[in-house]
Amino acid sequence: MRTQVVIVGGGPSGLLLGQLLHKQGIETVLLERKTREYVLARIRAGILETGLVNMMREAGVAERMDRECFVHHGTCISYENEMFAIDFHKLIGQNVVVYGQTELTHDLYDAREAIDATTVFEVENVQIIDADRDAPYVTYVSGGAEHRIDCDFIAGCDGFHGVSRKTIPETVRKEYEKIFPFGWLGILSETPPVHDELIYANSTRGFALCSMRNENLSRYYVQCDQTDKVENWSDDAFWDELKRRLPEAIAEKLVTGPSIEKSIAPLRSFVTEPMRWGRLFLCGDAAHIVPPTGAKGLNTAASDVHYLHEALVRFYRDKDMGGIEHYSEKALARVWKAERFSWSTTNLLHRFPDQSDFDLKMQRAEIESLHYNEIAQRWFAQNYVGLPY
Ligand code: RFL
Ligand code: PHB
């Protein structure tokens, strides 16, 4: 088989890239290790920046999103019984959108099916060969048989545990990592959200987040121990802990109910450089991870897709290698800014095991400047709604 671009990984990065390339007449084959159902069962991001919303529109897959999403003009931050809002709209005239990654991925799979593009699920042993030469190819096993696809380029959209990043020789690759000493325990419940905006809570018992998907579907998180297990948390224990981390007036309004999903995510910052090796491009979680505190993971994946899609279109349409040659540099410049924001909001809002009284005073002073200083709020707002591409 031959195609123009092989996309490894059928998460949001790979799917969105495939759809945008299709719009420009560029053919892709997408290889996904899991089943479609498995990918769609993962509960992840909930907040979309305008850049991603616009790309969904450009890809022609925004109809349901535009109908069902919720526009959020700001967010709330609480510390003990204090709570304040950061009004993005008032401060910088922008906003974000609440639409689950699950729904977005669903829409992208439907769109890919409608254009009849080749997608192979449950592939095993994907190998990317000769990415640093002129005629690369990808091999994989499907249905017990080995297959080969010759191509011009490979987009490595296979997430943090994929094969693409590891294809780049260790002598070329440099990795930067910070593992935070805690995780997030998250639940999804068919209950009305406690507040109309998200609440990021800093409390003496640790961080908590009140988020949502729609009027009757809420997503809540509490900071937990790195080694904690979902089995240690009954629903009642979760709700009790969440309430203790929220301002009293909010805790009193919280509507609880059975969880329909419960999981623990570790918190990590990670970047690999470069994001291109010859004809292989890394995109999304394959190249970088952020702790979820700034809601930046999916949105940073989307900015990579933007630069990569532009580079490939320039190559096929104008025979111009400029975008390809500068892909890594351009993508990384924005990635590091999102890494900084995610790292700083994580430091601002969590309790760390070795935090001294001095550290706690510093954290408190920083939260108070965000509460009372409009310049600090603008800076937060600009980063939260997403820096320009
Ligand atoms: P994905 O989604 O991990 O998809 C990669 C796909 O590649 C497949 N794969 C392979 N396929 C073929 N061969 C192989 N060898 C393969 N190895 C892997 C996998 O099965 C998978 O389908 O990466 P992608 O597309 O780059 O998308 C990134 C986003 O999923 C991620 O950044 C976000 O979910 C992060 N994130 C958030 N991001 C936001 O922008 N806003 C948020 O509010 C937000 N909240 C979150 C989050 C992530 C979370 N968790 C669980 C880590 C909340 C949480 C709790
Ligand atoms: C979510 O709704 O899952 C969510 C929202 C904001 C974050 C992280 C996760 O910062």
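Throughout what follows, the structure given in this document is the object of discussion. Since we're looking at a predicted model, the values are computed, not measured.

## Focus on the packing of helix H1 (residues 12-23) against helix H3 (residues 50-58)
So, step 1. Where H1 contacts H3, the two axes come as close as 9 Å, and the packing angle between them is 45°. The orientation of H1 with respect to H3, classified from their angle, is oblique. For the element pair H1 and H3, the recorded crossing hand is left-handed. Only Leu52, Met55, Met56 and Glu58 of H3 make contact with H1, whose side of the interface consists of Leu16, Leu20 and Lys23.
So, step 2. Partitioning the contact of H1 with H3 into residue classes produces five nonpolar, no polar and two charged.

## Thoughts on H1
Since there are 3.6 residues in each turn of an α-helix, residues three or four apart along the chain are aligned in direction.
So, step 1. Here H1 contains 12 residues, and its C-alpha end-to-end distance of 17 Å stays within 8% of the 16 Å for a straight helix at 1.5 Å per residue.
So, step 2. Restricting attention to buried positions, one finds in H1 the residues Pro12, Ser13, Gly14, Leu15, Leu16, Leu17, Gly18, Gln19, Leu20 and Leu21.
So, step 3. The inward-facing, buried residues of H1 contact strand S1 (5-8), strand S2 (28-31), H3, helix H6 (101-114), strand S12 (153-156) and helix H10 (297-318).
So, step 4. Remark: Gly25 follows H1 within two positions and exhibits a positive phi of approximately 75°.

## As for the nonpolar core
So, step 1. Formed by 67 residues in total, the largest nonpolar core has its most connected members in Val5, Leu16, Leu31, Leu48 and Met56.
So, step 2. In contact with Met56, not counting residues within four places along its chain, are Leu16, Val61, Ala62, Met65, Leu104 and Leu108.
So, step 3. Among the nonpolar cores identified, the runner-up in size contains 31 residues, and Val98, Phe180, Trp184 and Ala381 belong to it.

## Some points on the environment of Thr167
So, step 1. Within the element layout of this structure, Thr167 appears in helix H7 (residues 164-167).
So, step 2. Here the alpha-carbon distance between Thr167 and Val141, two residues 26 residues apart in the chain, equals 17 Å.
So, step 3. The residues contacting Thr167, other than those within four sequence positions of it, are Ile128, Trp277 and Leu280.

What counts and how
Residues numbered from 1 in each chain as written. Chains lettered and ligands numbered in written order. Predicted model: local features only at pLDDT ≥ 70, side-chain atom pairs only at ≥ 80, totals over all residues. Heavy atoms only, no water. Axes fitted to C-alpha atoms, helices over the stretch in contact; angles between N-to-C directions. Helix = DSSP H or I, 4+ residues; strand = E, 2+ residues; numbered from the N terminus. Parallel < 35°, antiparallel > 145°, perpendicular 65-115°, else oblique. Left-handed = near helix turned anticlockwise from the far one by under 90°. Contact = heavy atoms within 4.5 Å. Nonpolar A, V, L, I, M, F, W, Y, C, P; charged D, E, K, R; others polar. Expected span 1.5 Å × (residues − 1). Buried < 20%, exposed > 50% of the residue type's maximum accessible area, 1.4 Å probe, protein only. Core = buried A, V, L, I, M, F, W, Y, C linked by side-chain atoms within 4.5 Å.

Read these as spatial facts, not as claims about activity.
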